[in-house]
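# Report on the structure
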Amino acid sequence: MNVDEDCMDYVHLTNDKLVGNYQWKGRLDLLNIVMIGLSNELPGHDEQYELHRLLGALLSMGLTVEEKLNIIEAEYNIPVEDNMRKDVSVMCNLSQRILEEGIERGIEKGKAEVIITMYKSGYALEDIANLINKDEEEIKAIIQREELTLV
């Protein structure tokens, strides 16, 4: 299956007798898992993909809050009140913040790798600090942290 395809799977418990003949008295319908794969592209407004479109719109990073709310209201006849506007706005801002935090972590990890490489290559701490735009104490702390993880 292509990653960009919409899909929906229904995974559920079944009672397969492997050993013995004990009759299970529990309810097999208590644990159900529904896995929904959303593509990066929002599917067209079609009854077959209605759930995918709604979830795709809500979770999309490519749509603005207003675009999401317009889809919810116009296509699904869900009244959009002030509290829903706030909730969707918070949800959108949260995903954006998670993305930004991931980028920041990646940049810091990359800088740390450059610092360690330069240090192992014999660069002076002062030179590393000037090139990386950090003070020498930060450089020392990164090197010490790296040395601790190697031990």
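First things first, this report covers the structure right here in the doc. As the structure is a prediction and not an experimental result, all values here were calculated from the model.

### Focus: the pattern of salt bridges
With the rule as written, the count across this model stands at eight salt bridges. For Glu101, the salt bridge is made with Arg105, and the minimal N-O distance between the two is 3.0 Å. One end of the pair is Glu101 and the other is Arg105, both in helix 3 (residues 82-120) and four residues apart, which spans about a single turn. One salt bridge connects Lys134 with Glu108, and the closest N-O pair in it is separated by 3.2 Å. Highlighted residues: Lys134 in the loop between helix 4 (125-132) and helix 5 (136-150) and Glu108 in helix 3, separated in sequence by 26 residues. Shared partners join several salt bridges into a network, and the residues in it are Arg97, Glu100 and Glu104.

### A look at the side chain of His52
Secondary-structure assignment places His52 in helix 1 (residues 50-59). His52 has contacts with Asp6, Cys7, Met8, Ile36, Gly37, Leu38 and Pro43, leaving out every residue within four places of it along the chain.

### Quick word on the packing of helix 2 (residues 65-76) against helix 3
It is at 10 Å that the axes of helix 2 and helix 3 come closest, and there the two elements cross at 130°. Between helix 2 and helix 3, the angle is such that the two are oblique. Every pair of crossing elements has a handedness; the one defined by helix 2 and helix 3 is right-handed. On helix 3, the residues that touch Val65, Glu66, Lys68, Leu69 and Ile72 of helix 2 are Met84, Arg85, Val88, Ser89 and Cys92. Of the residues that constitute the contact of helix 2 with helix 3, the class distribution is six nonpolar, one polar and three charged.

### Quick notes on a negative patch on the surface
A contiguous patch of negative charge on the surface is contributed by Glu126, Asp127, Asp135 and Glu136. The topology assignment puts Glu136 in helix 5.

About the cut-offs
Residues numbered from 1 in each chain as written. Predicted model: local features only at pLDDT ≥ 70, side-chain atom pairs only at ≥ 80, totals over all residues. Heavy atoms only, no water. Salt bridge = Lys/Arg side-chain N within 4 Å of Asp/Glu carboxyl O. Helix = DSSP H or I, 4+ residues; strand = E, 2+ residues; numbered from the N terminus. Contact = heavy atoms within 4.5 Å. Axes fitted to C-alpha atoms, helices over the stretch in contact; angles between N-to-C directions. Parallel < 35°, antiparallel > 145°, perpendicular 65-115°, else oblique. Left-handed = near helix turned anticlockwise from the far one by under 90°. Nonpolar A, V, L, I, M, F, W, Y, C, P; charged D, E, K, R; others polar. Patch = residues over 30% accessible without salt bridge, like charges linked within 9 Å, V, L, I, M, F, W, Y side chains within 5 Å. Areas by Shrake-Rupley, 256 points an atom, 1.4 Å probe, with all protein chains shown as cover. Lys, Arg positive; Asp, Glu negative; His and termini not counted. Charge placed at Lys NZ, Arg CZ, Asp CG, Glu CD.

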